[in-house]
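Residues per chain are reported as follows:
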Protein chains: 2
Amino acid sequence: MVVMSKNVFSNSSFFARYMELRKDLNHNDLLEHPEMMRLLGNIEGKSVLDLGCGSGSYAKEFISKGSSSYLGIDSSSLMIEKAKEDVKGDNISFRLLPLEKLGELSESFDIAYSSLVFHYIEDFEKLSKDIYNALNDNGVLLFSQMHPLLSATPAYQGYFLGDFFAFSSYQQEGRRDGKWFNEHVVSYHRRLSSIISTLSRSGFFVENVVEPIPSEEALMEFSKLQRDLVRPTFLIVKARKITSFSCS
Amino acid sequence: MVVMSKNVFSNSSFFARYMELRKDLNHNDLLEHPEMMRLLGNIEGKSVLDLGCGSGSYAKEFISKGSSSYLGIDSSSLMIEKAKEDVKGDNISFRLLPLEKLGELSESFDIAYSSLVFHYIEDFEKLSKDIYNALNDNGVLLFSQMHPLLSATPAYQGYFLGDFFAFSSYQQEGRRDGKWFNEHVVSYHRRLSSIISTLSRSGFFVENVVEPIPSEEALMEFSKLQRDLVRPTFLIVKARKITSFSCS
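Each value, and the rule that gives it
Residues numbered from 1 in each chain as written. Chains lettered and ligands numbered in written order. Predicted model: local features only at pLDDT ≥ 70, side-chain atom pairs only at ≥ 80, totals over all residues. Heavy atoms only, no water. Pairing = 2+ DSSP bridges. Helix = DSSP H or I, 4+ residues; strand = E, 2+ residues; numbered from the N terminus. Axes fitted to C-alpha atoms, helices over the stretch in contact; angles between N-to-C directions. Buried < 20%, exposed > 50% of the residue type's maximum accessible area, 1.4 Å probe, protein only. Contact = heavy atoms within 4.5 Å. Phe/Tyr/Trp six-rings, centres within 6.5 Å; stacked < 30°, edge-to-face > 60°. Least-squares fit on C-alpha atoms with pLDDT ≥ 70 in both. Polar contact = N/O pair within 3.5 Å; in protein donor to acceptor, adjacent residues only side chain to side chain.

Comments concerning the sheet that holds strand E6 (residues 159–161) of chain B
Phase 1: Pairing in this open sheet of 4 strands is antiparallel, and the strands run E6(A)-E7(A)-E7(B)-E6(B) from one edge to the other. Taken across any chain shown, the strands that pair with only one partner, and hence form the sheet edges, are strand E6 (159–161) of chain A together with E6 of chain B. Shown here is a sheet whose adjacent strand axes are inclined to one another by a mean of 35°, direction ignored.
Phase 2: As paired strands, E6(A) and strand E7 (residues 164–167) of chain A are joined by 3 bridges and run antiparallel to one another. The residue bridging Tyr159(A) from the neighbouring strand is Ala166(A), located in E7(A).

What follows is the structure in structure tokens.
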């Protein structure tokens, strides 16, 4: 996980280096993506909205798992162009739309999926409400983001001292400025408590919260995952749109 | 916050020292209790179960806030004896009962309240289900516990390096052995993700999760609270018993 601004993907020199990086197996492939797919469960006949789809690398996976349709949205024109070029298929579509403008979507969906994007969004309360409105009744929001323990420390992600992980400023939410590939990047730190409470306030039933732990196999593949035995890199949340409770 | 075994309160020398300590304003009085009372909201006419009531110091506060009845349970006979001796009033009662035997209670309640006790309980899944069963429909569970960032590190609670807080072993859940007043004490580390997911699995709608931040006034009173501007000492959760959702 790294800190990036949501606009850095529209910078072509960054884009090239990012695409190079994504060639090798990494944290996302070995830890985040398998856990997301496990939590997704059966999506037979479900319509999927991918929030911050990037180059659309997961579109075909959703369709192959039986989803009836896939729409990927992203704020980067370079990413959307690449997605449209590389990923073609029935019921697969891509649209240039920042998550901040989600309210402009007229369609509704059974599943809202988002991989490692929400920590770039400043207003999570608005995003949470917009997603709730874009979902059908009983629809599912499944997202991953940088874990708050990594987004807390200004400028970088804290540091290890032997088996200890040190961080600062967890209790201070808000903007964080950092660098990746020498690009200035912006993310937003929110505490785990705020993320869950915001979803509940928006009407979501938070079904599952996961701080992924690497498998033996993943640890063999990528030794850096040892760090995830001390502190999580990712936060993953599965929440359901509940329209009403029947309580006495 | 300190690590204590649930039985250490039945040790009379420990008990005396603990009672001495509780005379002065501390983290609990200035940070945990005010937040708990704020989250409690209106309890007019509600029946209250206090899980791990200790010496019953909050019983009268619940009654004065309008609750129709108060039952405090605790596993320490010394605490329950003291409570029965010191705290008398209509609709106030105390019972010697460990949380592990909550299932033996025949009554049901509108509110289950627990202050800084759950981190001593080994089986949170069972506790969560027992509380769900002890609540009336739409009943509320409000509890505080040691924050998982403090329960993670074996034997002690991590350490500060300037403005940084260092911890280890967050991802390894389970028993932690420590000392307080030279007494051997036992607590159980659970990750924040596990706590929320367990409550949801038990049928609770997690309404609010709080990692308390001290007020200006509290910081003046007790400078040690500065640490809570870096990392939380407490985790507080408010959850509601939902009997069924009406979803399409």
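Description of helix H5 (residues 124–134) of chain A
Phase 1: What H5(A) keeps buried is the set Phe124(A), Leu127(A), Ser128(A), Asp130(A), Ile131(A), Tyr132(A) and Ala134(A).
Phase 2: As for H5(A), its buried residues are in contact with strand E1 (47–51), strand E4 (109–115), strand E5 (135–146), helix H7 (192–201), strand E10 (204–210) and strand E11 (234–241) of chain A.

What about the packing of aromatic side chains?
For any two aromatic rings, the description comes down to two numbers: the centre-to-centre distance and the angle of the planes.
Residues and elements named next belong to chain A.
Phase 1: Overall, the coordinates contain 28 aromatic pairs over all chains when judged by the stated rule.
Phase 2: Ring centres 4.8 Å apart and planes at 80° place the aromatic pair Phe62 and Tyr113 in the edge-to-face group. Placement of Phe62 in helix H3 (residues 59–64) and of Tyr113 in strand E4 is noted, with a sequence separation of 51 residues between them.
Phase 3: For Phe62, a relative accessible area of 0% puts it in the buried group.
Phase 4: Looking at Tyr113, the relative accessible area reads 0%, which means it is buried.

Concerning the relation of the copies chain B and chain A
The relation between the two copies of this chain is a rotation about an axis and a shift parallel to it.
Phase 1: Note on the identical chains: chain B maps onto chain A by a rotation of 180° and an axial translation of 0.0 Å, with an RMSD of 0.0 Å. Expressed as a symmetry operation, the mapping of one chain copy onto the other fits a two-fold axis.
Phase 2: When the interface residues of chain B are mapped onto chain A, 100% of them again lie at the interface, so the same face is used by both copies.

Concerning the side chain of Ser67(A)
All names here are of chain A.
Phase 1: Examined against the element boundaries, Ser67 turns out to sit in the loop between H3 and strand E2 (69–74).
Phase 2: Taking relative accessible area as the criterion, Ser67 reaches 5% and is therefore assigned buried.
Phase 3: For Ser67, the side chain forms a polar contact with the main-chain oxygen of Phe62, separated by 3.1 Å.
Phase 4: Leaving out residues up to four positions away in the same chain, Ser67 has contacts with Ile43, Gly45, Lys46, Val48 and Phe62.

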